[in-house]
Amino acid sequence: MTLLVIDWALIIEKLILIVVVVLASLVIALYSTYGERKIAAFFQDRIGPNRAGPFGLLQPLADGAKLIFKEDVIPNAANKWLFILGPAMSMTAALITSAVIPWGNHLEIGKRIVPLQIADVNIGILYVFGVVSLGVYGIMIGGWASNNKFSLMAALRGASQAISYELAMGMSLIALLMLTGSLSLKTIAAQQVGHLWNVCYQPLGFIIFLVCAFAECNRTPFDLAEAENELNMGYHQEYSSMKMGFYLFAEYVNMFISSAVMATMYFGGYDLPFFNPANHSANFAALIGIIALMAKVLFFIFLFMWVRWTIPRFRYDQLMNLGWKKLLPLALANMLITAVVILWLHK
Amino acid sequence: MQTLTNRSENVDRSPMTFVESLYLPAIVKGMGITLKHFFKKPATYSYPEVKRPFSPVFRGLHVLNRDEEGRERCTACGLCALACPAEAITMEAAERLPEEENLYREEKYAAKYEINMLRCIFCGMCEEACPKDAIYLSETFTPSDYARKKFIYAKEDMLIPNKNTEKEDYEKALGKDVPTTASAFFD
C-alpha cells in the first residue's frame, strides 16, 4: 500500500512552481518585445513606443490585444492540421525547456525544503538540447503546411541552420561537461557557487555556445528563416492573428530560456560573487539567487538585442561557412585542448 | 590617380585572415559604435505635443493678412493666382460697399478666395507676387483631413483673426506658446 501513497505536498509545490515559471517566462517574453522596441529605438537615436501607458509600458498588452482581434486566416491550400500544429509546437517546445533550469537554491517552508527547480533530471542539458531541437519542427511544419514556396524555403533554411549550429553547440558543451562531470544543470550550477564561474575555464567554449545560441533562437544575424526582405517574412508568411503571435512569442521565450541556460552553465547560475549563502537564511539566499540569475538573464537578453540592432543578416553561404568551417573546428580544438589539460592536471 | 578628397581609401581585396573570417572582432567593433548611440540624446520630437522649431523662412500653410485696423488687405488683383506655378489659387473680386470700409482696405476685395492645398507646392511665389502684403506662408503645416474636398481652403480658413476684436484667437494663430523642445513635453 505504501507505494500508492501520494506526496500531495510535492505535487502542489511542483504545480505552483510550474505555473510561476510558465507565467514568468510569458511575462518576460511579453516585455522582451517592449524591451526590443525600446532598445532598438535607443540604438537608433529614437524614443521608441511611449504612447500606451506611462513610458509605453502597456504597449505589449496593446500588441497582444491587436493580434488576438485580427482575422485568423488559414489559406485554402494549406494543410489545416499541420498549419495549426506548427505554432503550437514552437510555443510548447519553447515553454517546456524551462523545466530543468534551477532558478535558485531552495526555499524552506516550515520544515520542508522546496528546491527551486521543476525537475532535477540527471540528463538536464541533454533534455534542453532535445526540446530545443523540437522547436525546429515548429518552423519546419509551419513552413511546409503553408503551401507557399517562400515559407518552405525559409523552413528548409531554418532547419539546416539549426542542425549545423547544434553540432558546434554540442561540441562546445562536451568540453564543459568534461569539466563539470555532470549533465544535471543543478549540479553544474551548484559547483560554481563560491568558485570561479565556468566561463573562466571555457572562454572559447562560451563564445561558440553564445554564437550557436543566437543561431538556435533564429535571431539576427542568423534570422535567415524569417528573412523579411528576401523571403517575404519566411516561414510565418501565411500566418496571421495569434498563430503569428505564437511564432513571434516563441522566439522571445526561446531567447529567455537560452539566456537562462547560458547563465546557468557558464555564469554561475544563481551565484552572486562575494555572497556566501551559508551565512544567511535559506529563503533570503534563495531570493538573492533568483535576483542574481534574473540579472544575468536580462543581461543576455540585452546582448541578444544589442547584436540584433548592430549587425545585418549573414548571407546563406557565409552562415554555412561560419558554422561548418569555423565554429565546428574551433569547438573540436577546444574540446581536445580541454581534454588534454584535464588529463595532464590529473596525472 | 589623383583623388578628389583626402578621405578616399583603396579597397582591400585580400582574402580574410582566420580571425577576420570569424567576424567577431568586427562585430565587437560595431557593437561599440551602437553602444555609443545607445547613450546619445534621441533626435525625436514627440510630435503633436512638441513642435520642431522652424527657420523664419519656413513655408507652411497660407495666411491672409489684415492691416493695423483689422481690415483685409487683399484686393483680389489676381497676381498671386498668376504667379502660382501649380495653379492652385482662384478668386472672385467684388466691389466694397460704403458701409464695409472697416472690413476691407481698398475699394475692391476678394469675395471668394480659394487655395487647393493638394495642388499647392508651397513655393511662396504668391507671397512674392503680392503687392499688398496680403498673403503670407505661415509655420503651420500637415493639414490633415478625411476628404479631398476639404483641402480646398476658403478665405475663412486662411484669414488671420482680427487682432483688435479677436485678440485671443489672434495670439493662438501666432502660436507663441507651443513648446519646441523635447524636455518641455516631459516636464
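Structural data are supplied above this passage.
Residues numbered from 1 in each chain as written. Chains lettered and ligands numbered in written order. Predicted model: local features only at pLDDT ≥ 70, side-chain atom pairs only at ≥ 80, totals over all residues.

(A) Quick peek at the overall build of chain A. For chain A, the count of helices and strands is eleven helices and two strands. For chain A, the α and β elements follow one another from N to C terminus as α-α-α-β-β-α-α-α-α-α-α-α-α. Over its C-alpha atoms chain A spans a radius of gyration of 21 Å, differing by no more than 12% from the 20 Å that the globule rule assigns to 347 residues. Taking the principal axes of its C-alpha atoms as reference, chain A extends roughly 60 × 55 × 50 Å. Going through the 347 residues of chain A one by one, you find that 44% of them count as buried. When contacts within chain A are restricted to residue pairs at least 6 apart in sequence, those whose partners lie at least 24 apart make up 79%. (Helix = DSSP H or I, 4+ residues; strand = E, 2+ residues; numbered from the N terminus. Rg over C-alpha atoms; globule rule 2.2 N^0.38 Å. Buried ≥ 20, exposed ≤ 12 C-beta atoms within 10 Å, placed from the backbone. Contact = placed C-beta atoms within 7 Å.)

(B) Spatial organisation of the overall build of chain B. Secondary structure assignment for chain B yields seven helices and five strands. Its C-alpha atoms give chain B a radius of gyration of 27 Å, more than 25% over the compact-globule value 16 Å for 187 residues. Projected onto its principal axes, the C-alpha coordinates of chain B cover approximately 90 × 50 × 35 Å. Within chain B, contacts between residues at least 6 apart in sequence are counted, and of these 72% link residues at least 24 apart.

(C) Region of interest: the packing of helix α8 (residues 203–216) of chain A against helix α11 (residues 316–346) of chain A. Residues and elements named next belong to chain A. In the contact formed by α8 and α11, the axes pass within 10 Å of each other and the chain directions differ by 150 degrees. Seen along the crossing, α8 lies across α11 with a hand that is left-handed. Contact with α8, carried on its side by Leu204, Gly205, Ile208, Val211 and Cys212, involves Leu327, Leu330, Ala331 and Asn334 of α11 and no other residues of that element. The residue inventory of the contact of α8 with α11, partitioned by class, reads seven nonpolar, two polar and no charged. (Axes fitted to C-alpha atoms, helices over the stretch in contact; angles between N-to-C directions. Left-handed = near helix turned anticlockwise from the far one by under 90°. Nonpolar A, V, L, I, M, F, W, Y, C, P; charged D, E, K, R; others polar.)

(D) How the structure looks around the interface of chain B and chain A. Tallying the contact residues gives twelve residues for chain B and twelve residues for chain A. Sort the elements by how many residues they give to the side of chain B that touches chain A and helix α2 (residues 24–38) of chain B lands first, with six residues. The residue inventory of the side of chain B that touches chain A, partitioned by class, reads six nonpolar, five polar and one charged.

(E) Structural view of unusual backbone geometry. Residues and elements named next belong to chain A. Phi at Phe55 takes a positive value of approximately 55 degrees, unusual for a residue other than glycine. As for its position among the elements, Phe55 is in the loop between α1 (8–43) and α2 (59–69). Phe55 sits in the partly exposed class, given 14 other C-beta atoms within 10 Å. One non-glycine residue with positive phi stands out, namely Asn147, at about 55 degrees. Take Asn147: it is sitting in the loop between α4 (124–145) and α5 (149–180).

(F) A look at the packing of helix α9 (residues 241–266) of chain A against helix α10 (residues 282–308) of chain A. Residues and elements named next belong to chain A. Interhelical geometry of α9 versus α10 gives an angle of 120 degrees and a closest axis separation of 8 Å. In terms of orientation, α9 and α10 fall into the oblique class. α9 and α10 meet at a crossing whose hand is right-handed. Taking contact as the criterion, the partners of Met255, Phe256, Ser259, Ala260, Met262 and Ala263 in α9 are, on α10, Leu293, Lys296, Val297, Phe300, Ile301 and Phe304. (Parallel < 35°, antiparallel > 145°, perpendicular 65-115°, else oblique.)

(G) Representation of α1(A). The end-to-end C-alpha distance of α1(A), which contains 36 residues, comes to 50 Å, matching closely the 52 Å that a straight helix rising 1.5 Å per residue would cover. Listed in full, the buried residues belonging to α1(A) are A:Ser25, A:Ile28, A:Ala29, A:Ser32, A:Tyr34, A:Lys38, A:Ile39, A:Phe42 and A:Phe43. Contact partners of the buried residues in α1(A): α2, α3 (80–96), α9 and α10 of chain A together with α2 of chain B. Positive phi shows up at A:Asp45, right after α1(A), with a value of about 60 degrees. (Expected span 1.5 Å × (residues − 1).)

(H) Fine view of the nonpolar core. Core analysis: the largest hydrophobic core is formed by 91 residues, its most contacted members being A:Cys212, A:Val253, A:Phe256 and A:Met262. Counting residues per element, this core draws most heavily on α9(A), at 16 residues. Apart from the residues within four sequence positions on either side, A:Met262 is in contact with A:Phe209, A:Leu210, A:Ala213, A:Phe267 and A:Phe300. Within the second largest apolar cluster, 18 residues are counted, among which are B:Leu64, B:Ala76, B:Ala88 and B:Ile135. (Core = buried A, V, L, I, M, F, W, Y, C linked by C-beta atoms within 7 Å.)

(I) Region of interest: the sheet that holds strand β5 (residues 152–153) of chain B. An order of β2-β3-β5 (chain B) is seen for the three strands of this open sheet, with the pairing classed as antiparallel. Bordering the open sheet on either side are β2 (89–95) and β5 of chain B, each of which pairs with just one other strand. (Pairing = 2+ DSSP bridges.)

(J) Inspection of the pairing of strand β1 (residues 106–109) of chain A at higher detail. Residues and elements named next belong to chain A. Pairing of β1 with strand β2 (residues 112–115) involves four bridges; the strand directions are antiparallel. Within the sheet, the bridge partner assigned to Leu107 lies in β2 and is Val114. Between β1 and β2, which pair antiparallel one after the other, the connecting turn spans two residues, and Gly110 there sits at a positive phi close to 65 degrees.

Just geometry here; none of it tells us what the structure is for.
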